[in-house]
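Chain residues, written in single-letter form:
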Number of protein chains: 2
Amino acid sequence: MAVYTDVSEGELGTFLQAYPVGELLSYKGIAEGTENSNFLLHTTSGSYILTLYEKRVDKADLPFFLGLMGHLARKGISCPLPVTAHDGTVIGALAGRPAVIITFLEGLSLRRPTAAHCGEVGKALAELHLAGQDFSMSRPNALAIDGWRKLWNASHARANEVEPGLAAEVDADFVDFERNWPKDLPQGIIHADLFPDNVFFLGEKLSGLIDFYFACDDLYAYDVATCLNAWCFEKDFSFNLTKGTALLAGYQSVRSLSPDEKAALPILARGSALRFMLTRLYDWLTIPNGGLVMKRDPTEYIRRMRFHRPIQSPSEYGLI
Amino acid sequence: MAVYTDVSEGELGTFLQAYPVGELLSYKGIAEGTENSNFLLHTTSGSYILTLYEKRVDKADLPFFLGLMGHLARKGISCPLPVTAHDGTVIGALAGRPAVIITFLEGLSLRRPTAAHCGEVGKALAELHLAGQDFSMSRPNALAIDGWRKLWNASHARANEVEPGLAAEVDADFVDFERNWPKDLPQGIIHADLFPDNVFFLGEKLSGLIDFYFACDDLYAYDVATCLNAWCFEKDFSFNLTKGTALLAGYQSVRSLSPDEKAALPILARGSALRFMLTRLYDWLTIPNGGLVMKRDPTEYIRRMRFHRPIQSPSEYGLI
């Protein structure tokens, strides 16, 4: 939640001459994103976001992320469109960092989404999955099981500081996942981080999807499972079946889940909960307190893992 | 440079219903101001700034600051206009803090202003002084000599950590200021903090003055002296006579300085340099490193104090 890099009006003005965005009227560093520096620009042609990529983003992945956003936007998905410079490139350089201009999307991210919002998210997720099918690039999911294992190896020794018994509990999950994780389900481009912060609404209408910096190739149903974790739990960690039903029905109104995908939802949801627990746990244990990066509580996802473990049937998520 | 208070879309939507600003389209926390939390809002009627006042601003001063902005804006000064709620009030409450909506001004604050920009600033400062003459409220300058003395008493013991000999040097200045500070010069509403961050330009045209949270009643010429310190020194601490000439000529194109005001410029400029040195010194010595508040180097103003000390005539600033 911070602007890391300072940009002067002079260097920004020079940078913008390479793009068809009109004259700069104002720019403000915005408290958005934990990985990059972001600025909201007003120009004579509208509003844009300028992103400077800081260390945590692998530069080699940028053509994938930006190519994907452009592909999806051109297919009608409401996501930011990277602006192509006069010379045909998308990724420029500013203040010594890779820098990109994308269109600004109006909309509000919701703290308390309703079932209607969850239905919209499900629908948009399925539309994203379909729109990505003819995207030509691919990117393995760095946070699939192998990636979890690395995070877990780095956190295992201190996991019980967060909650006694956590180390043994997660060890047992790894045995299960490494044996039973589904492999032959439909896959393609997934968003992989479609949390409420990354979805904008105007009233009940979804107005935009943002932050494609975890997008990758993986199981579609895993993306659905992540949305169940992100959208359908209440603050007291209860699962809201009405929201689950709405999200899954919204998804299936655009793309039907196969019987195998449906059957896999419980293990996928449990794995997704583990994935977010592990990144939070790793940050919790390694990032100093009081710094600029906001640390999020890993126990919220331990609670979700425990919710999913005894689920017998995907109908318990509201699948009709 | 931080957003301190988190505001949810729900509470913001409710808050905005009290104001004639249309429907909320988006809001972003912006990295602007060190005292308050600021958000840039897009609504169906335009762009606004939402400010939540944090602890460092004295709530009792808000009616003065906001009344002044409203007064100046209505007199044609390009400054933010506080939006009056449907019930006639300007200061609301949001997230447990006093909160205000002001109009958003387009424009860029400059790192490297030219002499032409300095001329515009001088002109705008004089216009502000004239426009403030019939403002009905008043506020003593909390950072006049008495205020400097408090900061100095709190910093004196450790001043030599910043630069050996600083304590004795500033002690001698205080003797001089407490004896010779001018009292009978024209006074009224001054901005008191008209640094480049607080002035917007579009090209060479000044498009806005912001941040009135140091505004108060004091000597007009003291405000001019602060602008000389803020706008006319180069990064190597040399005084740029061309910029000084432009700033003073711009000012006098709107309001003439009296002979007494002119003669007082050297001591006022030296006092103003001490004032900014002292607030920086105090923060330097008391605010922990690595926190959210950016600490600015006090030595930049020690250099200015030393520049002003031997000045014999205001013509050395470019006064024609």
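Outline the overall build of chain A, listing residues and values.
Helix and strand counts for chain A come out as 10 helices and 9 strands. The C-alpha radius of gyration of chain A comes to 20 Å, within 12% of the 20 Å expected for a compact globule of 320 residues. Projected onto its principal axes, the C-alpha coordinates of chain A cover approximately 60 × 45 × 35 Å. Classification of the 320 residues of chain A by burial places 44% in the buried group. Counted over contacts in chain A with a minimum sequence separation of 6, partners at least 24 positions apart contribute 71%.

Talk me through the environment of Leu166 of chain A; I want residue IDs and the actual numbers.
Residue and element names in this part refer to chain A. Inspection of the secondary structure puts Leu166 in helix H6 (residues 166–180). Here Leu166 falls in the buried class, since 21 other C-beta atoms lie within 10 Å of it. Measuring from C-alpha to C-alpha, the distance between Leu166 and Thr299 comes to 9.9 Å, with 133 residues separating the pair along the chain. Setting aside its immediate chain neighbours within four residues, Leu166 contacts Ala159, Asn160 and Ile302.

Before we move on, can you summarise the domain arrangement of chain A with the specific residues and values?
By a frequent convention, interface size equals the accessible area lost on bringing the separate parts together. Residue and element names in this part refer to chain A. For chain A, the assigned domains read domain 1 (9–103) and domain 2 (115–317). Just the C-alpha atoms count here: the centres of domain 1 and domain 2 sit 27 Å apart. Listed by partner, the interface residues are 16 residues for domain 1 and 16 residues for domain 2. Class assignment for the residues of the side of domain 1 that touches domain 2 results in 9 nonpolar, 4 polar and 3 charged.

Give a description of the interface of chain A and chain B that names residues and reports values.
On the side of chain B, 22 residues touch chain A, which itself brings 22 residues to the contact. When residues of the side of chain A that touches chain B are traced back to their parent elements, those giving at least two are helix H1 (9–16), strand E1 (24–30) and strand E2 (36–43) of chain A. The leading source of residues in the side of chain A that touches chain B is E1 of chain A, at 6 residues. Tallied by class, the residues present in the side of chain A that touches chain B amount to 9 nonpolar, 7 polar and 6 charged.

Pulling in residues and values, what's your account of the packing of helix H3 (residues 115–131) of chain A against helix H8 (residues 241–252) of chain A?
All names here are of chain A. H8 packs onto H3 with a crossing angle of 30° between their chain directions and a minimal axis gap of 6 Å. As judged from the angle between their axes, H3 and H8 are roughly parallel. In terms of crossing hand, the pair formed by H3 and H8 is right-handed. From H3, Ala115, Ala116, Cys118, Gly119, Glu120, Val121, Gly122, Lys123, Leu125 and Ala126 reach across to H8, where they touch Thr242, Lys243, Ala246, Leu247, Leu248, Ala249, Gly250 and Tyr251.

Hey, could you go over the relation of the copies chain A and chain B for me, with residue numbers and the actual values?
Mapping chain A onto chain B is achieved by rotating through 180° and translating by 0.0 Å along the same axis, at an RMSD of 0.0 Å. Read as a symmetry element, the transformation amounts to a two-fold axis. It is Ile30 of chain A whose C-alpha, among those of chain A, lies nearest the rotation axis, at 2.2 Å. Interface overlap between copies is the fraction of interface residues in one copy that are interface residues in the other; for chain A against chain B it reaches 100%, indicating a shared surface.

So what about helix H10 (residues 299–308) of chain A? Which residues, and what values?
All names here are of chain A. Along H10, the positions that sit buried rather than exposed are Tyr301, Ile302, Arg304, Met305 and His308. Taken end-on, H10 shows its buried residues confined to a sector of 160°, consistent with a single buried face. Residues of H10 that are buried sit in contact with H6, helix H7 (220–231) and helix H9 (259–286).

Provide a residue-level description of the pairing of strand E2 (residues 36–43) of chain B, including the pertinent values.
Residue and element names in this part refer to chain B. For E2, the buried fraction is high: 7 of the 8 residues fall into the buried class. With 6 bridges connecting them, strand E1 (residues 24–30) and E2 associate as antiparallel partners. Along E2, the bridge assignment pairs Ile30 with Asn38. Sheet analysis places E2 next to strand E3 (residues 46–53), joined by 8 bridges and oriented antiparallel. Residue pairing in the sheet places Thr43 in a bridge with Gly46 of E3. In sequence, E2 turns back onto E3 through a hairpin of 2 residues.

Explain H8 of chain A to me, and be specific about the residues and the numbers.
Residues spaced three or four apart along an α-helix face the same direction, because each turn holds 3.6 residues. In this model, H8 of chain A (12 residues) spans 16 Å end to end at C-alpha, consistent with the 16 Å of a helix rising 1.5 Å per residue. Buried residues along H8 of chain A sit against H3 and H7 of chain A.

Help me get a handle on the environment of Asn180 of chain B, residues and values and all.
Secondary-structure assignment places Asn180 of chain B in helix H6 (residues 166–180). Spatially, the C-alpha atoms of Asn180 of chain B and Ala264 of chain B are 9.9 Å apart, while their sequence positions differ by 84 residues.

I'd love a proper account of unusual backbone geometry, names of residues and values included.
Residue and element names in this part refer to chain A. Positive phi outside glycine occurs at Ala95, with the angle close to 55°. Within the fold, Ala95 resides in the loop between strand E4 (92–94) and strand E5 (97–103). According to the C-beta neighbour criterion, Ala95 is partly exposed, with 15 such atoms within 10 Å. Positive phi is not limited to glycine here, since Phe237 has a value of about 70°. Within the secondary structure, Phe237 is located in the loop between H7 and H8. Since 14 C-beta atoms lie within 10 Å of it, Phe237 is described here as partly exposed.

If you had to explain the nonpolar core to someone new, which residues and values would you point to?
Counting 184 residues, the largest nonpolar core has Val121, Ala221 and Leu247 of chain A together with Val121, Ala221 and Leu247 of chain B as its most contacted members. Those residues in contact with Ala221 of chain A that lie beyond four places of it in its chain are Leu185, Leu257, Glu261, Ala264, Leu265 and Leu268 of chain A.

Tell me about the packing of helix H4 (residues 145–155) of chain A against H9 of chain A, and name the residues and values.
All names here are of chain A. The interhelical angle for the contact between H4 and H9, taken along N-to-C directions, is 35°, at an axis separation of 9 Å. The two elements H4 and H9 meet at a crossing, and its hand is left-handed. The segment H4 lies against H9, with Trp148, Leu151, Trp152, Ala154 and Ser155 engaging Leu274, Arg275, Leu278, Thr279, Leu281, Tyr282 and Leu285.

I'd like to hear about the environment of Arg304 of chain A, residue by residue, with values.
Residue and element names in this part refer to chain A. Relative to the elements of secondary structure, Arg304 occurs in helix H10. Through-space distance from the C-alpha of Arg304 to that of Leu110 is 20 Å; in sequence the pair is 194 residues apart. Once residues lying within four places of it in the same chain are set aside, the contact partners of Arg304 are Asn229, Phe233 and Ala273.

About the thresholds
- Residues numbered from 1 in each chain as written.
- Chains lettered and ligands numbered in written order.
- Predicted model: local features only at pLDDT ≥ 70, side-chain atom pairs only at ≥ 80, totals over all residues.
- Helix = DSSP H or I, 4+ residues; strand = E, 2+ residues; numbered from the N terminus.
- Rg over C-alpha atoms; globule rule 2.2 N^0.38 Å.
- Buried ≥ 20, exposed ≤ 12 C-beta atoms within 10 Å, placed from the backbone.
- Contact = placed C-beta atoms within 7 Å.
- Domains from an automatic or database assignment.
- Nonpolar A, V, L, I, M, F, W, Y, C, P; charged D, E, K, R; others polar.
- Axes fitted to C-alpha atoms, helices over the stretch in contact; angles between N-to-C directions.
- Parallel < 35°, antiparallel > 145°, perpendicular 65-115°, else oblique.
- Left-handed = near helix turned anticlockwise from the far one by under 90°.
- Least-squares fit on C-alpha atoms with pLDDT ≥ 70 in both.
- Arc of directions from axis to C-beta.
- Pairing = 2+ DSSP bridges.
- Expected span 1.5 Å × (residues − 1).
- Core = buried A, V, L, I, M, F, W, Y, C linked by C-beta atoms within 7 Å.

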